[in-house]
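So you can see what is in the structure, the chains are spelled out below.
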Amino acid sequence: MIATDDVVDIRSAELQQAVEAASRRIPPLWPLASSVAVNPFMGQSTETLAQAGTRLARVGGVPVVMPRTWFRDRIATGVITDRDLADALAASPHARKPADVAGLKAAAAKPAPVPQGLPTIADLAGRASGFDWTGLIGDRISVWAGSHFDQGQALWPAWRARSTWSAWRAFATHDLTAEIHGLTGFGDGVAAAPESPIDAIAGAARRLGLTAAAADSYFHQLLLSLGGWSQYGRYVLWRAELEGGTDSVLTELLAIRLVWEDALHGHHAGLIETQWEAVRAAHAAPVDPGEASIVDEILQEAAERAAQRRLAETLAAPASTTQGARPTLQAAFCIDVRSEVFRRALEQVDPSIRTLGFAGFFGVFAKHRRFASDVEELRLPVLLNPTVTSTAGGPDLAEADRKSRYKARAHRAWGRFKLAAVSCFAFVEAMGPVYVWKNGRDALALAGETARPDPKLRFDPDLDPDTRLRAAETVLRAMSLTSDFARVVLLVGHGATVTNNPHASALHCGACGGYTGDVNARLLALLLGDPEVRDGLAARGIVVPNDTVFVAAMHDTTTDEVTLYDTDEIPATHGRDLDRIRSWLKTAGTAARAERALRLPGAGSEKRVASRARDWAELRPEWGLAGCQAFIAAPRARTAGRGLAGRAFLHDYDWRQDSATGFGVLELIMTAPVVVASWISLQYYGSTVAPATFGAGDKLLHNVVGGIGVFEGNGGVMRTGLPLQSVHDGEDFVHEPLRLTVCIEAPAEAMTDILVRHDAVRALFDNRWTHLFEMDQEGRLARRYAGDLTWEPVEPTRAVLRTASAA
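Here we summarise the structure given alongside this text.

Calculation notes
- Residues numbered from 1 in each chain as written.
- Predicted model: local features only at pLDDT ≥ 70, side-chain atom pairs only at ≥ 80, totals over all residues.
- Heavy atoms only, no water.
- Helix = DSSP H or I, 4+ residues; strand = E, 2+ residues; numbered from the N terminus.
- Rg over C-alpha atoms; globule rule 2.2 N^0.38 Å.
- Contact = heavy atoms within 4.5 Å.
- Areas by Shrake-Rupley, 256 points an atom, 1.4 Å probe, with all protein chains shown as cover.
- Lys, Arg positive; Asp, Glu negative; His and termini not counted.
- Charge placed at Lys NZ, Arg CZ, Asp CG, Glu CD.
- Phe/Tyr/Trp six-rings, centres within 6.5 Å; stacked < 30°, edge-to-face > 60°.
- Buried < 20%, exposed > 50% of the residue type's maximum accessible area, 1.4 Å probe, protein only.
- Pairing = 2+ DSSP bridges.
- Axes fitted to C-alpha atoms, helices over the stretch in contact; angles between N-to-C directions.
- Salt bridge = Lys/Arg side-chain N within 4 Å of Asp/Glu carboxyl O.
- 1 Å grid on protein atoms, 1.4 Å probe; cavity = no way out; pocket = protein on both sides within 12 Å on 5 of 7 lines; lining within 4 Å.
- Points joined across faces, edges and corners; volume = space filled by probe spheres on them.
- Nonpolar A, V, L, I, M, F, W, Y, C, P; charged D, E, K, R; others polar.
- Core = buried A, V, L, I, M, F, W, Y, C linked by side-chain atoms within 4.5 Å.
- Expected span 1.5 Å × (residues − 1).
- Polar contact = N/O pair within 3.5 Å; in protein donor to acceptor, adjacent residues only side chain to side chain.

With respect to the overall build of the protein chain
On a plain count of helices and strands, the protein chain comes out with 30 helices and 19 strands. For 807 residues, the compact-globule estimate of 2.2 N^0.38 gives 28 Å, and the protein chain sits close to it at 28 Å. Its C-alpha atoms give the protein chain principal-axis dimensions of about 85 × 75 × 50 Å. Counting contacts in the protein chain only where the partners sit at least 6 residues apart, residues at least 24 apart contribute 74% of the total. Accessible surface for the protein chain amounts to roughly 34100 Å². Of this, 54% is attributable to carbon and sulfur atoms. Side-chain charges of the protein chain comprise 84 positive and 95 negative groups, with the mean position of each set lying 4 Å from the other.

Structural notes on the packing of aromatic side chains
Taken as a whole and judged by the stated rule, the model has 25 aromatic pairs. Through pairs of rings, three or more aromatic residues link up here, namely Trp30, Trp144, Phe149, Trp229, Tyr232, Tyr235, Trp238 and Trp679.

Here's the deal with the pairing of strand E4 (residues 376–379)
Of the two faces of E4, the one holding Glu377 and Arg379 is buried and the one holding Glu376 and Leu378 is not buried anywhere. As judged from the 4 bridges shared by strand E3 (residues 366–369) and E4, these two strands associate in the antiparallel manner. Paired with Ala366 across the strands is Arg379, a residue of E4. Between E3 and E4, which pair antiparallel one after the other, the connecting turn spans 6 residues, and Ala372 there sits at a positive phi close to 60 degrees.

Things to note about the sheet that holds strand E7 (residues 488–495)
Ordered by their spatial adjacency, 5 strands build an open sheet running E2-E1-E7-E8-E9, and the pairing between neighbours is mixed. The sheet is open, and its two edges are formed by strand E2 (353–358) and strand E9 (561–564), each paired on a single side. Put simply, the sheet's adjacent strands are angled 30 degrees from each other on average, direction ignored. On top of the sheet, helix H16 (residues 337–349) reaches strand E1 (329–334), E2, E7, strand E8 (549–556) and E9; it is set at about 165 degrees to E2, its chief contact.

As for the pattern of salt bridges
What the rule picks out here adds up to 65 salt bridges. A salt bridge links Asp175 to Arg140, with the shortest nitrogen-to-oxygen separation between them at 3.0 Å. A residue pair is termed long-range when its members are at least 10 positions apart, and Asp175 in the loop between helix H8 (164–172) and helix H9 (177–180) and Arg140 in helix H7 (residues 133–148) qualify at 35 residues. An identical accessibility class is assigned to Asp175 and Arg140; each is buried.

Points about empty space enclosed by the protein
The final tally for this structure, using the stated rule, is 6 cavities of 30 Å³ or more. What lines the largest cavity is a set of 44 residues, among which Ser35, Val36, Ala37, Val38 and Gln683 lie closest to the centre. Contributions of two or more residues to the lining of the largest cavity are made by helix H26 (673–689) and strand E14 (709–712). Considering every element that reaches the lining of the largest cavity, the biggest residue donor is H26, with 6 residues. Split by residue class, the lining of the largest cavity holds 30 nonpolar, 11 polar and 3 charged. Within this model, the second largest cavity holds a volume of roughly 130 Å³. Across the lining of the second largest cavity, the residue classes tally to 8 nonpolar, 5 polar and 3 charged.

Description of the sheet that holds E3
Strand order in the open sheet made by the 4 strands is E4-E3-E5-E6, with mixed pairing throughout. In this open sheet, the two strands that pair with only one neighbour each are E4 and strand E6 (457–459). Taken over all neighbouring pairs, the strand axes of this sheet differ in orientation by 30 degrees on average, direction set aside. Strand direction decides the pairing type here: strand E5 (residues 388–392) and E6, joined by 3 bridges, are antiparallel. Across the sheet, Thr391 pairs through a bridge with Arg458, a residue of E6.

Let's talk about the nonpolar core
Counting 154 residues, the largest nonpolar core has Phe219 and Leu491 as the members making the most contacts within it. By residue number, the principal contributor to this core is helix H14 (residues 249–284), which donates 13 residues. Discounting residues that sit within four places of it in the chain, Leu491 has contacts with Ala332, Phe362, Met479, Ala521, Leu524, Ala525, Leu528, Phe550, Val551, Ala552 and Ala553. In this structure, Ala88, Leu224, Ile294 and Ala302 belong to the second largest nonpolar core, which totals 36 residues.

What about H26?
In this model H26 runs 24 Å from its N-terminal to its C-terminal C-alpha over 17 residues, within 8% of the 24 Å that 1.5 Å per residue would give. In terms of burial, H26 is largely enclosed, as 17 of its 17 residues are buried.

Overview of the side chain of Gln221
Tracing the backbone shows Gln221 in helix H12 (residues 212–225). On the basis of relative accessibility, which here comes to 3%, the residue Gln221 falls in the buried class. In contact with Gln221, other than residues within four places in its own chain, are Arg58, Val59, Leu118, Pro119, Thr120 and His283.

Notes on the side chain of Arg768
In this structure, Arg768 sits in the loop between helix H29 (759–766) and strand E17 (771–775). Side-chain polar atoms of Arg768 contact the backbone oxygen of Ala91, separated by 3.2 Å.

This is the structure:
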C-alpha cells in the first residue's frame, strides 16, 4: 500500500505541476475551417525518440517508428547500408545500444514488442464487469463536447455562458446512460463534485491514491484518451497564451475524465484494487528506454541518414543553370514542397524565368475580413500574432456588400430549412426531383463552383508611409530579393480546390494559418506597387526599376492552374508580358500534372488530374505534402535543375546579404519556417507510424463534429491528424516516415548562436526530431549538427569524389 504522505495533496504545488506537465504533452488541434499541421510529438520534444516512445507506449500503446519489417526490407535491398547503420549506432547516446552493426542487425531481425499501454481504471473496470466502460466514456464525453464546443455546425447551439466544467456537470447530472449500465449514483456524484475543477482533480487524486511521481504520467494518459477533445482544449490554451492570457479548458477536461475514473474505482474497488496498485507503481517509474526502443531509434536514424546520403548526392551532382541577363519573369512561390514540382516545370519552359521560395504568408501578418464578411481570418503562421488588419472592398462597394450579405443570409436560411427537424422530411419528398440534375452533374464531376476573387484589398486601417516602407524592405531582404528585378515579379500564394472534403483547409497554406495564400500575396503586391514605397526603398539601397510590376497570383495545387489577380491595375505596357506569362504558366501546369499523375492512384494521365478536384467521391484529389523530407535554405542556384521530386521545402536565402545585419533573416528562418516545416513533417510522420492515435482514420467513415474534427463512424472520440488516404494509396504507405532534414547555406557559428538563444528550437535538433546541416558555397552538405552545440564534418558523397577525380 501507499504511504499517506506520498499521496498528492490538494494544497500541494505538486498537483498543479502534474496537471501543467500533462497538459504540455498534448498537441493543439485547430478547427477544420483553418486546420494546420501540428507536431503530434510537440510535448516530447525535450526527449529522444526512444524516451518519447517509452512514454507514449506507457500511456497509450503508441508506436513511434514503423514495424521492424519496414527497416529489414530497406536493409535487405541496400537502401539502408551498413555505413548508415554504423553512423546511426555511433551517434546514439544510449548506453544500452548494441555493441556493433552485427548486433544491431541481429536485433532488427527480431520482431519488436508491440507497445501495450497501461490500463486506465475504466479499462480495469471493463475487464472486471465485461462492459466497455472506456468506449462509453468516450462516447458520452463526445456527445456533450460536440455540442459544447460547436463552431457553428449545430442548428441549435448549446448555451455557452457556463464554463466547460459547469456545462458538463449540468449535462452529466441529467444523462442516465452511466446509471443504466450499472454505475449507480453517478449523476448524484457529479452534482456533489466541487465547483472548482482543480479541487475536483485533487479530491479524485487523493481517493485514487495517486503519488506525485505517478500523477503526471496518469494525467497524460487520461488526456490522451480523450483524443481530439483534449487537443482542442490545448488549442484554446495556445490561442489564449499567444494573446498574453491563459485558459482552463484543458484542466477542466482532465477533471471530467478523472471524475469517471473516480466513480468507476469506487464502484469496482474490490475487484480491481490490486491491479490498480500495480498500474500506479508503473506510472511512477522513471521513463527509461529499453533495448527495443533504443534499437528502434537507431534504425530510424539509419533510415534518415540513408535519405540524407541520397539528398547529398543530388545536391552535389552537376546541374545546368542559366544566370546572367535580366530575367523576364521572377516568380516567388511558397516554400511548400508542392511548389518544387511546379517551379522546376516553369523554369524549364524558358531560360529567362527565375523562381524563388519564401514562406507563403509573404511576410504579411494579416488579420483579414473577406468581402461581405465579419469573420476575422488569421492569415499568418500560428506561431505568431497579426500585425496588420485588412479587408476586401471599400466604401464604394457598400451596395454590393449589402447585396452579398443578403444573398449569404438567404443561402444559410435555405440550408437550415433543409436540415431542420420539422421541414427536412417534407423537403426531401417535395424537392428531391429538382436536385436530380445537380446531383448527377456533381457525381460525374462535370462542373464545379468557381468562386469569384474578392474585390481589391486594402489595409484597414491604412498603414502610415513609414510602416509601409519598413514592411516592404523587411520582406524583400528576407526573400533575398534586393536587386536584378525582372519586368514582372509574380507573388504566388497557393491553395487547393477540392470537393466534399472536411480536411480541405489542411491542403491550403500552412504558413497562412490553413487559409489560401492569395490574400497575403495581393497585400504584398499592393505594398510593393506603391510609388512612395519604391522611392523609400531606393534610398535604402533597394532599387526597383520603374518598369518592374508586382503581380499577385495563386497556384491551385490540385489542378496546377495559376490565377493572376488585380491585373487591371497593371500598366498596358505589360499586357504582352502577362499574355506570355499566362502561356508559360499553362505549359508548366501541364508538365507538373504529368509528373504528379505518376503518383496519383487512378490518374492515368495529366488530363485526368484536374477533374479530381471536382469529384465528390475522390479520396485522393492530391497527395498534399506526403513525401516531405527536407528543408533547404540557400540561393536557388544550389537546387535549380535538380529533381527533388516534390520532397523539399525550398527557401531562398543569401547569408552574405544577411550577415551585414546580424543574421536576422537566418534567425527568422530557423524559428518560424523551419519550425512550421518540422510540424508538417512530424504530422505526416505520426499519421504514418501511429495512425490509430495520430491519424484521422478512413475518409469513407468520416462525420464532421462541431466543425472542429471528425468521428470515424457515428461516435467515439474525435479523431485528429491526417486521414489514412492522405498517406496510403490503398496498398502501401506513400509517405516515407522520416524526420525533417534542414540544410542551410550559412556559417555554422551563426546557426549555433541562434540555437543558444532559442531553447525550443535547439531541443528539436538536440533530440533529433529534426536534423540540421551546414551547406557550403557550392551547395554541398558540409557539416552536420551533432547536438549540444557541436558540429561534425559530413563525409564527401560519391558525386563529389567523382568530380574531384575528374578534376
